[in-house]
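Now for the letters of each chain:
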Amino acid sequence: MRPDVLEQAVRNDSTEGRKPFAVVATIGTTSTTSVDPVPEIGAICRRHHIWLHVDGAYAGMAAAIPEYRWIMDGFEYVDSYVTNPHKWLFTPIDASLFFVRSEQQLRQAFSIIPEYLTTSVQGTAIDFMNYGPQLGRRFRSLKLWFVMRMFGRDGLTNRLREHIRLARLFQSFIESNRNFEIMAPVPFSVVCFRINPPDKLLSESELEQVNTRLMDMVNATGKVYISHTKLNGRYTLRFAVGNIRTTENHIRAAWEVIRECAEQI
Ligand SMILES: *Cc1c(COP(=O)(O)O)cnc(C)c1O
C-alpha cells in the first residue's frame, strides 16, 4: 500500500462527501509476503480518524524474532491486529489471534445479552460471546498453549529463523541458475520465482504455459508442493517453508526435483 495514494484516496472521498472509516494494512501479503509501511499509513489514519486494522496472518509471527521486531513499527497507531498461529506457528488449523486496542468498542459492537444468558458473574469474568458473532465456541487457545509450552520462546524463534534461512538458501539456488529468476524480494520464508531461459525470449503467455507445466509436473511427483500467483500480470511460482519438520535436506531435494522437471520441459 502506498501512503501517498492512500492519502489521495481519503481526500477524494472527503471532497465527494464520503467518510472513509477503515484501512487494512498487511504485514506479509499473501502473494509475495511484502510489508506495508504501517508507520506512514498509521499517521494518515490518525489524522483522518480512520480505524487501522493490520493483517499479519502469516508473517506476524516473525515479530517473535528480535531481528524482525521492526515489522511491528507503527503499531502505536493500530486499532486491531490479526495473526494466525495456524499459518506459521506450528498450530493445527484453526487458530487466529485477534488483538484490539479498545475492548469496549468491540463489546459495544457485538454484545447482545438476552435474559437467559444473564448470570451473576456479569462483568467479573471475560465473556467471549461479547466479542464476536459466535456464542458457542471451541477451546482453540489450548492447542496453542501446548505449542508454546512444548517449544518455548527460543524454540519457536529458532525454528522461524531457520525457515527464513532455508528460504534464502532456496533463493540462492534459483539465483545461481540462469534459466530461473526471482520475482520478488524474500523478506520471510516464501520465495517467488519462475523459469525464464534468457536465450528463449519467451512471451508472457508462453512463460505462463511453461511455468504452469513446471508447477503441475513438480506437484505430480508428490514430493514437493508449490503454488502460483500473478504479479503485475506475470505468472509466478511460490515456494513456502513453514512446516515444523522441514529441514535443509528437504530444500535441497525440492530444488533437485524442480531443476529436473525444468530440464525435461
Ligand atoms: C492466509 C491469509 C489470510 C487468511 O487467513 P484465514 O485464517 O485463512 O482466514 C488473510 N490474510 C493474509 C495476508 C493471509 O496470508
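One can find the structure itself at the top, above this paragraph.
Along each chain, the written sequence defines residue order, and numbers are assigned to residues from 1. With pLDDT at 70 or above as the cut-off, local features in this predicted model cover only qualifying residues; side-chain atom pairs require 80 or more to be listed or tallied, and sums for whole chains, interfaces and linings still use all residues. Only hydrogens and water are set aside; all other atoms, that is, all heavy atoms of the structure, feed into the side-chain values.

> Before we move on, could you go through the environment of Ile71 and cite the residues and values that matter?
Strands are runs of DSSP state E lasting at least 2 residues, helices are runs of H or I lasting at least 4, and numbering of each runs from the N terminus. Here Ile71 is to be found in the loop between β2 (51–55) and β3 (80–83). Taking C-alpha positions, Ile71 is 9.3 Å from Gly28, a pair spaced 43 residues apart along the chain. Only heavy atoms enter the contact rule, under which two residues are in contact if any of them lie within 4.5 Å. Ignoring anything within four residues of it in the chain, the contact list for Ile71 reads Ile27, Ala59, Gly60, Ala62, Ala63 and Phe188.

> Now, about the packing of helix α1 (residues 3–15) against helix α2 (residues 38–47): what can you tell me, with residues and values included?
The interhelical angle for the contact between α1 and α2, taken along N-to-C directions, is 15°, at an axis separation of 9 Å. Between α1 and α2, the crossing angle belongs to the class labelled roughly parallel. In terms of crossing hand, the pair formed by α1 and α2 is right-handed. In this structure, α1 uses Pro3, Leu6 and Glu7 to contact α2, whose residues at the interface are Glu40, Ile41, Ile44 and Arg47. The axes used here are C-alpha line fits, helices contributing only the stretch in contact, and every angle between their N-to-C directions lies in the interval 0 to 180 degrees. In these notes the angle categories are as follows: under 35 degrees is roughly parallel, over 145 is roughly antiparallel, 65 to 115 is roughly perpendicular, and the rest is oblique. Note on convention: near helix rotated counterclockwise from far helix by under a right angle means a left-handed crossing. Clockwise means right-handed.

> Which residues make up the site of the ligand, and what values do they have?
Residues in close proximity to the ligand include Thr26, Gly28, Thr30, Asp55, Ala57, Asn84, His86, Lys87 and Ser96, which together make up its full environment. In protein, a polar contact requires one atom able to donate a hydrogen and another able to accept it; more generally it is a pair of N or O atoms within 3.5 Å, and residues adjacent in sequence count only if both atoms are side-chain atoms. The separation between an oxygen atom of the ligand and a polar side-chain atom of Asn84 is 2.7 Å. Within the contact set of the ligand, an oxygen atom lies 3.3 Å away from a side-chain nitrogen or oxygen of His86. Summarising the interface, the protein chains cover 59% of the accessible area of the ligand, which totals 390 Å² for the free molecule. For this scheme, ten residues count as nonpolar: Ala, Val, Leu, Ile, Met, Phe, Trp, Tyr, Cys and Pro. Four count as charged, namely Asp, Glu, Lys and Arg, and the remainder, Gly too, count as polar. Its residues assigned to classes, the shell around the ligand shows one nonpolar, six polar and two charged. It suffices for a single heavy atom of a residue to lie within 4 Å of a molecule or strand for the residue to be listed as near it. Here the Shrake-Rupley method, with its probe set to 1.4 Å, supplies the accessible areas, and only the displayed protein chains count as covering residues.

> For the packing of aromatic side chains, give the residues involved together with the corresponding values.
Two rings from Phe, Tyr or Trp (for Trp, the six-membered ring) form a pair when their centres are within 6.5 Å of each other. A pair whose planes differ by under 30 degrees is stacked, one over 60 is edge-to-face, and the rest are tilted. Taken as a whole and judged by the stated rule, the model has 13 aromatic pairs. Ring centres 6.1 Å apart and planes at 85° place the aromatic pair Phe170 and Trp255 in the edge-to-face group. In this pair, Phe170 is assigned in helix α5 (residues 141–175) and Trp255 in helix α7 (residues 248–264), connecting sequence segments 85 residues apart. Plain terms: the ring middles of Phe180 and Trp255 are 5.2 Å apart, the flat faces sit at 65° to each other, and that makes the pair edge-to-face. With Phe180 in strand β5 (residues 180–182) and Trp255 in helix α7, the pair connects residues that are 75 residues apart, well separated along the chain. Members of the aromatic cluster, joined through ring pairs, are Phe170, Phe173, Phe180, Phe193, Phe239 and Trp255.

> How would you summarise the side chain of Asn196 if you had to cite specific residues and measurements?
Residue position: Asn196 is located in the loop between β6 (190–195) and α6 (204–220). Here Glu181 takes part through its side chain, which lies 2.9 Å from a polar atom of the side chain of Asn196. Ignoring sequence-local partners within four residues, the contact set of Asn196 consists of Arg178, Asn179, Phe180, Glu181 and Leu207.

> An account of the side chain of Gln171 is requested, with residue identities and associated values reported.
As for its placement among the helices and strands, Gln171 is situated in helix α5. When neighbours within four sequence positions are excluded, Gln171 is seen to be in contact with Ile182, Val186 and Val191.

> Describe the pattern of salt bridges, listing the residues and the values that go with them.
For this analysis, a salt bridge means a side-chain nitrogen from Lys or Arg found within 4 Å of a carboxyl oxygen belonging to Asp or Glu. A full pass over the atoms with the stated rule returns 17 salt bridges. For the salt bridge of Glu162 with Arg165, the shortest nitrogen-to-oxygen distance reads 3.0 Å. Taken together, the positions of Glu162 and Arg165, both in helix α5 and three residues apart, correspond to about one turn of that helix. Throughout this description, buried means an accessible area under 20% of the type-specific maximum (1.4 Å probe, protein chains only), exposed means over 50%, and partly exposed covers the range between. The exposure class of Glu162 is partly exposed, given its relative accessible area of 29%. For Glu181, the salt bridge identified is with Arg194, shortest N-O distance 2.7 Å. Residue Glu181 is found in strand β5, and its partner Arg194 is found in strand β6; the two are separated by 13 residues along the sequence. Classification of Glu181 by relative accessible area gives partly exposed; the value is 24%. Among the residues examined, Arg194 registers a relative accessible area of 2% and is labelled buried. Through salt bridges that share partners, Glu162, Arg165, Glu248 and Arg252 make up one connected network.

From the geometry alone we can't say anything about function, so treat these as descriptive.
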